Amino acid sequence: AQTVTQSQPEMSVQEAETVTLSCTYDTSESDYYLFWYKQPPSRQMILVIRQEAYKQQNATENRFSVNFQKAAKSFSLKISDSQLGDAAMYFCAYRTRYNFNKFYFGSGTKLNVKP
Amino acid sequence: DGGITQSPKYLFRKEGQNVTLSCEQNLNHDAMYWYRQDPGQGLRLIYYSQIVNDFQKGDIAEGYSVSREKKESFPLTVTSAQKNPTAFYLCASSISSGGTYEQYFGPGTRLTVT
């Protein structure tokens, strides 16, 4: 079974600085999808960014970018110019290409942003 | 606006009572999911459904039941057999083919059983 590991339970960053959240996963498949979700204090899960495994180019969404290392099974999230509104739980998630309906989530990283 | 609704936002029940959590989506998604989240924890899959009238157990299905009679609706019943039902429950849906494959989440229901 696939597993997703987030080894940093909690991190802090100064406002306007850059922070990287790590995520590793274990799979024997070659085609899959990876996601980062944000869960603010409201607890609404919000998609931050997605990456398709067959694409070599790292995904970017404004201040959010990923470092996707397929061979190393690593999928880290970089947040640039951190803002107070970025404070939240961040979850890494994996979805297999061949069983569309099964997602695997990491345990989450709590990000604190200091003013 | 398309999205997922969960009601109610907060739910209180006495121990020994069954309770049903509502989840409705108008995104025309085939797949729907129920997750449980405990404080400071990640998401644990309870049940998921790929199509109407079909559903599969997730990792922690014991003490829960679901139905999928309509594409738009996937209610979750927390039965009295669930030993520790107090938690935050999230419903999600996703497309099964084509598209970008991510899950869309509802706002969640906080269930407290005393």
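Residues numbered from 1 in each chain as written. Chains lettered and ligands numbered in written order. Predicted model: local features only at pLDDT ≥ 70, side-chain atom pairs only at ≥ 80, totals over all residues. Heavy atoms only, no water.

Draft legend 1. Molecular detail of the side chain of R95(A). Structurally, R95(A) is set in strand β10 (residues 88-96). No salt bridge is formed by the buried R95(A); its nearest oppositely charged neighbour, E102(B), is found at 7.0 Å. In terms of polar contacts, R95(A) uses its side chain to reach the backbone carbonyl oxygen of I95(B), at 3.3 Å. (Helix = DSSP H or I, 4+ residues; strand = E, 2+ residues; numbered from the N terminus. Buried < 20%, exposed > 50% of the residue type's maximum accessible area, 1.4 Å probe, protein only. Lys, Arg positive; Asp, Glu negative; His and termini not counted. Salt bridge = Lys/Arg side-chain N within 4 Å of Asp/Glu carboxyl O. Polar contact = N/O pair within 3.5 Å; in protein donor to acceptor, adjacent residues only side chain to side chain.)

Draft legend 2. Just the sheet that holds strand β1 (residues 4-7) of chain B, in detail. All names here are of chain B. Pairing is antiparallel across the open sheet formed by four strands, whose spatial order is β1-β3-β8-β7. Each edge of the open sheet is held by one strand with a lone partner, namely β1 and β7 (64-66). Adjacent strand axes in the sheet meet at a mean angle of 20 degrees, parallel and antiparallel pairs treated alike. Two elements, β7 and strand β8 (residues 76-78), share three bridges in a ladder whose sense is antiparallel. Each residue of the ladder has a partner; that of S65, found in β8, is T77. (Pairing = 2+ DSSP bridges. Axes fitted to C-alpha atoms, helices over the stretch in contact; angles between N-to-C directions.)

Draft legend 3. Looking closely at the pairing of strand β6 (residues 54-57) of chain B. Residue and element names in this part refer to chain B. Bridging between strand β5 (residues 43-51) and β6 involves three bridges; their strand directions are antiparallel. Each bridged residue has a counterpart across the sheet, and for I51 the counterpart in β6 is D54. The turn linking β5 back onto β6 is made up of two residues, and N53 within it adopts a positive phi angle of 65 degrees.

Draft legend 4. Quick look at the nonpolar core. In this structure, Y25(A), W36(A), F75(A), L77(A), Y90(A) and L111(A) are the most contacted members of the largest nonpolar core, which totals 27 residues. When residues of this core are traced back to their parent elements, those giving at least two are β2 (10-14), β3 (19-21), β5 (32-39), β6 (46-52), β8 (64-69), β9 (74-79), β10 and β12 (109-114) of chain A. Broken down by element, the residue count for this core peaks at four residues, all from β10(A). In terms of nonpolar packing, the next biggest core, distinct from the first, is built from 20 residues, A93(A), A31(B), F88(B) and F105(B) among them. (Core = buried A, V, L, I, M, F, W, Y, C linked by side-chain atoms within 4.5 Å.)

Draft legend 5. Spotlight on the pattern of salt bridges. Going through the model one piece at a time under the given rule, you end up with seven salt bridges over all chains. Salt-bridge contacts for R50(A) lead to E102(B); the nearest nitrogen and oxygen are separated by 2.6 Å. Residue R50(A) is located in strand β6, and its partner E102(B) is located in the loop between β9 (87-94) and β10 (104-105); the two belong to separate chains. Here R50(A) falls in the partly exposed class, since its relative accessible area comes to 29%. With a relative accessible area of 4%, E102(B) lands in the buried category. Note that K71(B) is salt-bridged to D30(B), the shortest N-O span being 3.4 Å. Of the two residues, K71(B) is situated in the loop between β7 and β8 and D30(B) in the loop between β3 (19-25) and β4 (31-37); the sequence distance between them amounts to 41 residues. Taking relative accessible area as the criterion, D30(B) reaches 29% and is therefore assigned partly exposed. Members of the salt-bridge network, linked through shared partners, are R36(B), D38(B) and R44(B).

Draft legend 6. Fine view of the pairing of β4(B). Residue and element names in this part refer to chain B. Burial of β4 is extensive: seven of the seven residues sit out of reach of the surface. By the alternation rule, side chains of β4 split into A31, Y33, Y35 and Q37 and M32, W34 and R36, which are all buried. Bridge count for β4 against β9 is seven bridges, and the pairing is antiparallel. Directly across from Q37, in β9, lies its bridge partner F88. With six bridges joining them, β4 and β5 adopt antiparallel strand pairing. Each residue of the ladder has a partner; that of Y35, found in β5, is L45. Here β4 folds back onto β5 in antiparallel fashion, the turn holding five residues, of which G40 has a positive phi close to 70 degrees.

Draft legend 7. Looking closely at the environment of T3(A). Counting through the fold element by element, T3(A) comes out in strand β1 (residues 3-5). By relative accessible area, which is 40% here, T3(A) ends up partly exposed.

Draft legend 8. Fine view of the interface of chain B and chain A. Each partner contributes to the interface: chain B provides 23 residues, whereas chain A provides 19 residues. For the pairing of chain B and chain A, the buried interface totals around 1900 Å² over both sides, and the portion due to carbon and sulfur atoms is 53%. When residues of chain B are sorted by the area they lose upon contact with chain A, Y101(B), E102(B) and F105(B) head the list and together hold 29% of the total. The interface formed by chain B and chain A contains one salt bridge. Taken together, the connections running from chain B to chain A amount to seven residue pairs in polar contact (both at pLDDT 80 or more). At the level of elements, β4, β5 and β9 of chain B are the ones that each hand at least two residues to the side of chain B that touches chain A. In terms of residue class, the side of chain B that touches chain A is made up of 12 nonpolar, nine polar and two charged. (Contact = heavy atoms within 4.5 Å. Buried area = accessible area lost by both parts, 1.4 Å probe. Nonpolar A, V, L, I, M, F, W, Y, C, P; charged D, E, K, R; others polar.)

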